[in-house]
Amino acid sequence: MKLEDEIKQKQFANPYHRMMVNILFTASWLQIRHQRILKPFGITPQQFNVLRILRGQFPAAASVSLIQERMIDRSSNASRLVEKLFAKKFVDRKTCPEDRRQVDVRITQKGLDLLSQLDKQMNEFDARLKHLSEKEANDIADMLDKYRG
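Residues numbered from 1 in each chain as written. Predicted model: local features only at pLDDT ≥ 70, side-chain atom pairs only at ≥ 80, totals over all residues. Heavy atoms only, no water.

So, the overall build of the protein chain
- A tally of regular secondary structure across the protein chain gives seven helices and three strands.
- Each helix and strand of the protein chain, placed in order from N terminus to C terminus, yields the pattern α-α-α-β-α-α-β-β-α-α.
- The globule rule puts the C-alpha radius of gyration for 149 residues at 15 Å, and the 19 Å found for the protein chain is more than 25% above it.
- C-alpha extents for the protein chain along the principal axes are approximately 60 × 30 × 30 Å.
- Considering the protein chain as a whole, with its 149 residues, one finds that 26% of them fall into the buried category.
- Counting every atom, the protein chain has about 10,700 Å² of accessible surface; 53% of that belongs to carbon and sulfur. (Helix = DSSP H or I, 4+ residues; strand = E, 2+ residues; numbered from the N terminus. Rg over C-alpha atoms; globule rule 2.2 N^0.38 Å. Buried < 20%, exposed > 50% of the residue type's maximum accessible area, 1.4 Å probe, protein only. Areas by Shrake-Rupley, 256 points an atom, 1.4 Å probe, with all protein chains shown as cover.)

This is the structure in structure tokens:
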């Protein structure tokens, strides 16, 4: 559906304004759908992001600062997210032996199992985007990269 129909706006000040509103609207649309998938599993999109980063590092640990650098939402408090995931037993954390100020975080088997379950849900979510060709998906991603330039 066209943006103008979705938000009931007939026109925009210029094409750049329409583009900006469309990016924000689409980001919100995606985020809502993402949250719906994660809610039954008791985690937030930011916690999911941390778990995915840690799975990418597995079996090695990651520092909280590395997690923070790699997060999609960099305004999130990585330390607080790790604490919540630790309370749910999805991660382990230990003081780094080389630098006592650093905390090493590693995903647990319970965290890996959760992500395995979520992979199925995310694959179904991705399948809803198959009306776009791979070239179109790459073109959109490239344009967004260029925009952030």
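Section: the packing of helix H2 (residues 15-38) against helix H6 (residues 109-127)
- For the pair H2 and H6, interaxial distance at closest approach is 10 Å and the crossing angle is 150°. For the pair H2 and H6, the crossing hand works out as right-handed. Counted together, Leu30, Arg33, His34, Ile37 and Leu38 of H2 and Leu118, Gln121, Met122 and Phe125 of H6 form the full contact between these two elements. (Axes fitted to C-alpha atoms, helices over the stretch in contact; angles between N-to-C directions. Left-handed = near helix turned anticlockwise from the far one by under 90°. Contact = heavy atoms within 4.5 Å.)

Let's talk about the packing of aromatic side chains
- What the rule picks out here adds up to zero aromatic pairs.
- Stacked on the ring of Phe86, the Lys or Arg Arg93 has its end atom at 3.8 Å from the ring centre. (Phe/Tyr/Trp six-rings, centres within 6.5 Å; stacked < 30°, edge-to-face > 60°. Lys NZ or Arg CZ within 6 Å of the ring centre and 35° of its normal.)

Examining the pattern of salt bridges
- Under the definition given, this model contains five salt bridges.
- Of the charged contacts, one joins Glu83 and Arg93 as a salt bridge, the two residues approaching to 2.2 Å between their closest N and O atoms. Linking Glu83 in helix H5 (residues 78-87) with Arg93 in strand S2 (residues 91-95), this pair joins segments that are ten residues apart in sequence.
- Residue classification places Arg93 among the partly exposed residues on the basis of a relative accessible area of 31%.
- Across the salt bridge formed by Lys135 and Asp139, the nearest N and O atoms sit 2.7 Å from each other. One end of the pair, Lys135, and the other, Asp139, are both in helix H7 (residues 134-148), four residues apart, so they sit about a helical turn from each other.
- Lys135 sits in the exposed class, given a relative accessible area of 56%. (Salt bridge = Lys/Arg side-chain N within 4 Å of Asp/Glu carboxyl O.)

Quick notes on the nonpolar core
- The biggest cluster of nonpolar side chains holds 26 residues, and the ones touching the most others in it are Ile43, Val50, Leu51, Leu54 and Ile67.
- Counting residues per element, the ones that place at least two in this core are H2, helix H3 (45-57), helix H4 (64-70), H5, strand S3 (103-107) and H6.
- With six residues, H6 is the single largest residue contributor to this core.
- Not counting chain neighbours up to four residues away, the residues in contact with Leu51 comprise Ile43, Leu85, Phe90, Val91, Ile107, Leu114 and Leu115. (Core = buried A, V, L, I, M, F, W, Y, C linked by side-chain atoms within 4.5 Å.)

Just distances and angles here, no functional claims.
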